[in-house]
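Chain by chain, the residues run as shown.
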Amino acid sequence: MKFRRSVVVLAVGLTALLGAQTGAAGATVPPLRDSAKPPGGTAVPPDSLRALASKVGLRIGTAVNTDALATNAKYRQITADQFSTVTPENVMKWQVVEPTKGAYDWSAADQLVKFAKANGQLVRGHTLVWQNQLPTWLTAGNYTSTQLRHLLRKHITDEVTHFRGHIWQWDVVNEAFNDDGTMRDTIWLRAMGPSYIADAFRWAHQADPRALLFYNDYNIEGMGAKSDAVYLLAKQLRAQGVPINGIGAQGHLDTKYGFPNQMRQNLQRFADLGLKVALTEVDVRTTVPVTTPEQLAQNADYSQMLEACLLVRACISYTVWGFGDAFSWVPGVFAGEGSADIYDENLQPKASYFALQQTLMLASGAPHR
Ligand code: G3I
């Protein structure tokens, strides 16, 4: 009863908010190609997340575990049916694509790009500049600052060139800030100073001028010290003519911390700089076993993040960081927590899946992107 009442409130609230924005949206933005229909002509289920979202031009995505994609037919079917964009969870990271210096291995990522094409999906490339999942030859190589700069330039150029024309959005720089808004101490900051960020965007743009280039981070969904710092960075990069096109807010929430502060307004301020925004790695972890209040909080977090995105026309995709609890990164990192995804361990849809589905069903008045 309580749950049903909150759904009604959500429906009324979302309709009112969406209605208020429809007029401002204008009708001049060309729609993306129909993300509800793969090129082969086989329609995806009409009540799938991708089909429902395509009505307002929003892409719904998932991070993909390419081992599961290769071996698990049910996983493959859900990936194709429910999502209109895919992100490689690991296989475009430096450690995977260049395990030995100068010897590239694009095989797993190429397979995913092929799968996406066959299923009418766009690809988010993830990620070019990060401090994690770097190959050992690089981190243990005792390279000078000048050498590291050349290595980073070559990495970005080679990877973006390899996938040129196949990537919709690239996460060019990932997680460069600490939660207090200071810059994270990384191999890249130490070698090059803060200008490595602008350089990375310039190099990526040279290699694929048509890809949308994103800065991507966690804990920047709402207003706060970290999102203020990213906002300032984005503003400076735009003012300097650096080719940055978007900001990715990852969306890794935990029920114990509540919902981010003023998320819609925060996304909108980035949009007002002339940038696209995206929810890039959504999941909502909680303690396990999950209690009813925690599950309700998860449902609400998933759908409220989607609502914030729907209400900002520049928000072009909403990506979950994997869809099945059996494949989630969460239990391996947060002891005692899990159940963060929208499908359970047996790939059955959970209440949070239905919460997203219902939010999309109510979203027909949202501005078309
Ligand atoms: O591939 C090796 C395998 O050969 C080895 O046997 C095994 C032993 O542990 O490790 C495998 O690598 C693991 C890799 O995932 C692939 O499964 C790494 O140990 C493991 O650390 C790695 O975790 C990934 C994590 O990034 C690394 O920081 C997660 O799958 C991935 O979901 C997570 O994704 C990040 C985003 O890229 C950035 N934002 C945060 C997000 C969550 O941490």
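Please read these numbers as outputs of a predicted model, since none were measured by experiment. All residue numbers refer to position in the chain's written sequence, counted from 1. pLDDT decides what is reported in this predicted model: residues at 70 or higher carry local features, side-chain atom pairs at 80 or more are listed and counted, and totals for whole chains, interfaces and linings draw on all residues regardless. Side-chain calculation: all heavy atoms of the structure are included, whereas hydrogens and water are not.

Hey, could you run me through the overall build of the protein chain in this one?
On a plain count of helices and strands, the protein chain comes out with 15 helices and ten strands. Taken over C-alpha atoms, the radius of gyration comes to 20 Å for the protein chain, in line with the 21 Å a tight globule of 369 residues would show. If you line up the protein chain on its principal axes, its C-alpha atoms span 65 × 45 × 45 Å. Within the protein chain, the fraction of its 369 residues that count as buried is 55%. As displayed, the protein chain has an accessible area near 15,400 Å², and 54% of this comes from carbon and sulfur atoms. What counts as a helix is a DSSP run of H or I of at least four residues, what counts as a strand is a run of E of at least two, and both are numbered from the N terminus. The globule rule used for comparison is 2.2 Å times the number of residues to the exponent 0.38, while the radius of gyration itself is calculated over C-alpha atoms. Residue burial is assigned from relative accessible area. The probe radius is 1.4 Å, only protein chains are included, and a residue is buried under 20% of its type maximum, exposed over 50%, and partly exposed in between. Computed with the Shrake-Rupley method and a 1.4 Å probe, the accessible areas treat only the protein chains shown as cover for residues.

Can you walk me through the packing of helix α13 (residues 292–310) against helix α15 (residues 351–361) in this structure?
Helix-helix packing is described using two parameters, namely the angle between the two axes and the distance between the axes. Here α13 crosses α15 at 30°, and the two axes come no closer than 9 Å. Comparing the axis directions of α13 and α15 gives the class roughly parallel. The element α13 and its partner α15 pack so that their crossing is right-handed. Contacts from Gln295, Asn299, Tyr302, Ser303, Leu306, Glu307 and Leu310 in α13 reach Ala351, Ser352, Ala355, Leu356, Thr359 and Leu360 in α15. Residues are grouped as follows: Ala, Val, Leu, Ile, Met, Phe, Trp, Tyr, Cys and Pro are nonpolar; Asp, Glu, Lys and Arg are charged; every other residue, Gly included, is polar. In terms of residue class, the contact of α13 with α15 is made up of seven nonpolar, five polar and one charged. Lines fitted to C-alpha atoms define the axes, with helix axes restricted to the stretch in contact, and inter-axis angles between N-to-C directions lie between 0 and 180 degrees. An angle counts as roughly parallel when it lies under 35 degrees, as roughly antiparallel when it exceeds 145, as roughly perpendicular when it falls between 65 and 115, and as oblique in every other case. By definition, turning the near helix anticlockwise from the far helix through less than a right angle yields a left-handed crossing, and turning it clockwise yields a right-handed one. In this analysis, two residues are considered to be in contact whenever any of their non-hydrogen atoms come within 4.5 Å of each other.

Looking at this model, I keep getting lost on the state of the cysteines. Mind explaining?
Working definition of a disulfide: a covalent bond connecting the sulfur atoms of two cysteines. By definition, disulfides here are pairs of cysteine sulfur atoms that lie within 2.5 Å. According to the stated counting rule, one finds one disulfide in the structure shown. Disulfide partner of Cys309: Cys315, at an S-S distance of 2.1 Å. Its torsion about the S-S bond being -95°, the disulfide of Cys309 and Cys315 is classed as left-handed. Since its relative accessible area comes to 0%, Cys309 is described here as buried.

Just to check I follow, could you spell out the environment of Ser317 for this structure?
For Ser317, the position within the fold is in strand β9 (residues 315–320). Sequence spacing of Ser317 and Leu306 is eleven residues, and the spatial spacing of their C-alpha atoms is 9.5 Å. If sequence neighbours within four positions are ignored, Ser317 has contacts with Leu58, Arg59, Thr85, Arg124, Trp168, Gln169, Val277, Ala278, Leu279 and Cys309. Polar contact criterion, stated in full: a pair of N or O atoms within 3.5 Å, where within protein one must be able to donate a hydrogen and the other to accept it, and residues adjacent in sequence count only if both atoms are side-chain atoms. Within the structure, the side chain of Ser317 is placed 3.2 Å from the side chain of Gln169, a separation counted as a polar contact.

Could you clarify how one ought to interpret the packing of helix α8 (residues 145–162) against helix α10 (residues 196–207) in this entry?
Here α8 crosses α10 at 35°, and the two axes come no closer than 8 Å. Seen from above, α8 lies across α10 with right-handed handedness. Note on element contacts: α10 touches α8 through Asp199, Ala200, Trp203, Ala204, Gln206 and Ala207, opposite Arg149, Leu152, Arg153, Ile156, Thr157, Val160 and Thr161. Of the residues in the contact of α8 with α10, the class split is seven nonpolar, three polar and three charged.

Any chance you could explain the pattern of salt bridges here in plain terms?
Oppositely charged side chains are able to pair whenever their charged atoms sit close together. Whenever a carboxyl oxygen of Asp or Glu lies within 4 Å of a side-chain nitrogen of Lys or Arg, that contact is scored as a salt bridge. Counting across every chain of the model gives twelve salt bridges. The salt bridge partner of Glu337 is Arg285, with a shortest N-O separation of 3.8 Å. With Glu337 in strand β10 (residues 337–338) and Arg285 in strand β8 (residues 276–287), the pair connects residues that are 52 residues apart, well separated along the chain. Side by side, Glu337 and Arg285 carry an identical accessibility label, which is buried. A network of salt bridges, in which partner residues are shared, links Asp254, Lys256, Arg285 and Glu337.

Is there a simple way to explain the site of the ligand in this structure?
Surrounding the ligand, one finds 13 residues, the nearest of these being Glu89, Lys93, His126, Glu175 and Glu281. Within the side chain of Glu89, one N or O atom sits 2.4 Å away from an oxygen atom of the ligand. In the environment of the ligand, a nitrogen atom lies 3.2 Å from a nitrogen or oxygen atom belonging to the side chain of Gln250. Tallied by class, residues from the shell around the ligand come to three nonpolar, six polar and four charged. Here a residue counts as near a molecule or strand whenever at least one of its heavy atoms sits within 4 Å of it.

Is there a simple way to explain the side chain of Asp254 in this structure?
Following the sequence through the fold, Asp254 ends up in strand β7 (residues 252–254). Of the residues examined, Asp254 reaches a relative accessible area of 4% and is grouped as buried. For Asp254, the side chain forms a polar contact with the side chain of Arg285, separated by 3.1 Å. If we skip the residues at most four places from it in the chain, Asp254 touches Arg285, Thr286 and Glu337.

Is there a simple way to explain helix α11 (residues 225–239) in this structure?
With 15 residues, α11 extends 21 Å between its outermost C-alpha atoms, agreeing within 8% with the 21 Å of an ideal straight helix rising 1.5 Å per residue. Of the residues making up α11, those classed as buried are Lys226, Ser227, Ala229, Val230, Tyr231, Leu233, Ala234 and Leu237. Where α11 is buried, its residues contact α10, β5 (212–217), β6 (246–249) and α12 (263–271). The span expected for a helix works out to 1.5 Å for each residue beyond the first.

For this particular structure, what's the right way to read the packing of aromatic side chains?
Given two aromatic rings, one states the distance between the centres and the angle between the planes to describe the pair. Classification of ring pairs uses Phe, Tyr and Trp, with its six-membered ring standing for Trp, and accepts pairs whose centres are within 6.5 Å; under 30 degrees between planes counts as stacked, over 60 as edge-to-face, and the remaining range as tilted. Scanning the entire structure with this criterion turns up 15 aromatic pairs. Arg269 extends its terminal NZ or CZ atom over the ring of Tyr231, reaching a point 4.8 Å from the ring centre. Here the basic side chain of Arg285 rests over the ring of Phe334, its NZ or CZ set 3.8 Å away from the ring centre. For a ring to carry a charge above it, either NZ of a lysine or CZ of an arginine must fall within 6 Å of the ring centroid while also lying within 35 degrees of the normal to the ring plane.

Honestly, the pairing of β9 in this entry has me stumped. Any pointers?
Each regular strand carries side chains that alternate between the two faces of the sheet. Most of β9 is tucked away, with six of its six residues classed as buried. Judged from the four bridges that link them, strand β1 (residues 59–64) and β9 form a sheet pairing that is parallel. If you follow Gly61 over to β9, its bridge partner there is Thr319. Any two strands with at least two DSSP bridges between them are considered paired. For β8 and β9, the ladder comprises four bridges, and the chain directions are parallel. Looking across to β9, one finds that Val282 is bridged to Val320.

Any functional reading would require information beyond the geometric quantities listed.
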